[in-house]
Amino acid sequence: MTRGSTAGTEVDLRAEIAELKRARNAVFLVHNYQLPEVQDLGDFVGDSLGLAQEATRTTADVIVLCGVNFMAETAKLLNPERTVLLPEAEANCPMADMVNPGDVTNLKKEHPGAVVVSYVNTTAATKAVTDVCCTSANAVKVINTIPAEKPIIFTPDQHLGAYVRRETGREMIIWPGCCPTHARLTAEMVLEAKGEHPGAKVVVHPECPMEVIELADAVRSTSGMLKYCAASEASGFIIGTEKGMLYPLKKHCPDKDFWPITEQALCPTMKLTKLASVREALLHMQYEITIPADIAEPARRAIERMVEIGRDGAN
Ligand code: SF4
């Protein structure tokens, strides 16, 4: 093996990963916010909903989920017979940890008969006390399937909740969680970016605060951003989501320009997974996701309801 240069080391590492992948009969499902070199490994690169859907289609023995823990849990819930690995044990989602099953159970007691809709960015234990999950790509559609007379409890993202309320006109009891990465975006940052890139379209994620959403030309999930930017006649876009998204956007639309609203839009736990983490994951079969049956069954039902509703009509 060549160990003389960084480039040589990375080539060796990639070759080793490819060999281990074959030996383990593994598939790599990778989120759009992962490091570029990790995205380049992906058999599928996409958003939470895409990863969940792809997880139902695979025939591989091992799913390596390069993302954060709730994504790996979702893959396991949909594939209980397969081994699911999260390459970095500490790759959690801070927003998912902002609500717990006790919080949801208390809200249900306060609002009897309410339908609980939880963003897929929740732990399996919170999903187990949820009626139906949603992602940013299908949240509006999921809410529109709920009968008008039913109250709705929405967890954990207050910003996605506010956006969905605006789009559907439905009153909801919204849990006050947020994504720290998106919550730090401000209207001032958007105006400054617009000043620097006049004529560029502003495309933001619905996890952004409403003051940011109100200044946007389009509000899209990460998969929706890819479609929107590819179809748009504009040649430049200011992007309001985790900065890793600029990599798949540029790959998808090489002739267009993309700028982040701010360089600070980084999710630290999304950046934990490196090529070496993937190699170690396959070598030592770590870190395997296990979910107790009493949590897995009700959590799976909440995700399956979402997958059935699907992506149709999503942005
Ligand atoms: S970007 Fe936000 S929602 Fe996504 S994993 Fe990081 S903290 Fe969670």
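We now turn to the structure provided with this report. Since the model is a prediction, treat every value here as computed from it, not as a measurement. (Residues numbered from 1 in each chain as written. Predicted model: local features only at pLDDT ≥ 70, side-chain atom pairs only at ≥ 80, totals over all residues. Heavy atoms only, no water.)

1. Structural notes on the layout of surface pockets
Its volume calculated, the largest pocket comes out at about 300 Å³. Around the largest pocket, the lining comprises 28 residues; the ones closest to its centre are Tyr33, Asn121, Cys179, Glu207 and Met270. Those elements that place two or more of their residues in the lining of the largest pocket are helix H3 (48-57), helix H4 (69-78) and helix H9 (180-183). A per-element tally of the lining of the largest pocket places H9 first, with three residues. Split by residue class, the lining of the largest pocket holds 14 nonpolar, 11 polar and three charged. Considered as a void within the structure, the second largest pocket measures approximately 220 Å³ in volume. Contributing to the lining of the second largest pocket are 17 residues, with Asn32, Val45, Gly46, Leu226 and Pro248 lying nearest its centre. Taken together, the elements giving at least two residues each to the lining of the second largest pocket come down to strand S2 (44-46), H3, helix H12 (222-231) and helix H13 (246-252). Each residue belonging to the lining of the second largest pocket can be placed in one class, and the counts come to five nonpolar, seven polar and five charged. When residues of the lining of the second largest pocket are assigned to domains, at least three fall in each of domain 1 (6-91 + 270-291) and domain 3 (181-266). (1 Å grid on protein atoms, 1.4 Å probe; cavity = no way out; pocket = protein on both sides within 12 Å on 5 of 7 lines; lining within 4 Å. Points joined across faces, edges and corners; volume = space filled by probe spheres on them. Helix = DSSP H or I, 4+ residues; strand = E, 2+ residues; numbered from the N terminus. Nonpolar A, V, L, I, M, F, W, Y, C, P; charged D, E, K, R; others polar. Domains from an automatic or database assignment.)

2. Section: the pairing of strand S11 (residues 236-240)
Most of S11 sits out of view: five of its five residues are buried. Burial along S11 is two-sided: Gly236, Ile238 and Gly240 facing one way and Phe237 and Ile239 facing the other are all buried. With four bridges joining them, strand S9 (residues 201-204) and S11 adopt parallel strand pairing. In the strand pairing of S11, Val203 is matched with Ile239. The pairing of S11 with strand S12 (residues 257-260) spans four bridges and is classified as parallel. Within the sheet, the bridge partner assigned to Phe237 lies in S12 and is Phe258. Assessed by its sense of winding, the connection that carries the chain from S11 through H13 to S12 is right-handed. (Buried < 20%, exposed > 50% of the residue type's maximum accessible area, 1.4 Å probe, protein only. Pairing = 2+ DSSP bridges. Right-handed = clockwise from strand over helix to strand, strands pointing away.)

3. A closer look at the site of the ligand
In the vicinity of the ligand, the residues found are Tyr33, Val68, Cys93, Pro94, Met95, Asn121, Cys179, Pro180, Glu207, Cys267 and Met270. A majority-of-atoms criterion places the ligand in the largest pocket. (Near = heavy atom within 4 Å. Sits in = over half its atoms within 2 Å of the grid points.)

4. Describing the side chain of Glu73
Positionally, Glu73 belongs in helix H4. Among buried Asp, Glu, Lys and Arg side chains, Glu73 stands out as unpaired, with Lys127 the closest opposite charge at 5.2 Å. (Lys, Arg positive; Asp, Glu negative; His and termini not counted. Salt bridge = Lys/Arg side-chain N within 4 Å of Asp/Glu carboxyl O.)

5. Some thoughts on the side chain of His197
The topology assignment puts His197 in the loop between helix H10 (187-196) and S9. A residue is classified by how much of its surface remains accessible, and His197, at 18% relative accessible area, is buried. Here His197 is in contact with Ile238 and Trp259, once residues within four sequence places are set aside. (Contact = heavy atoms within 4.5 Å.)

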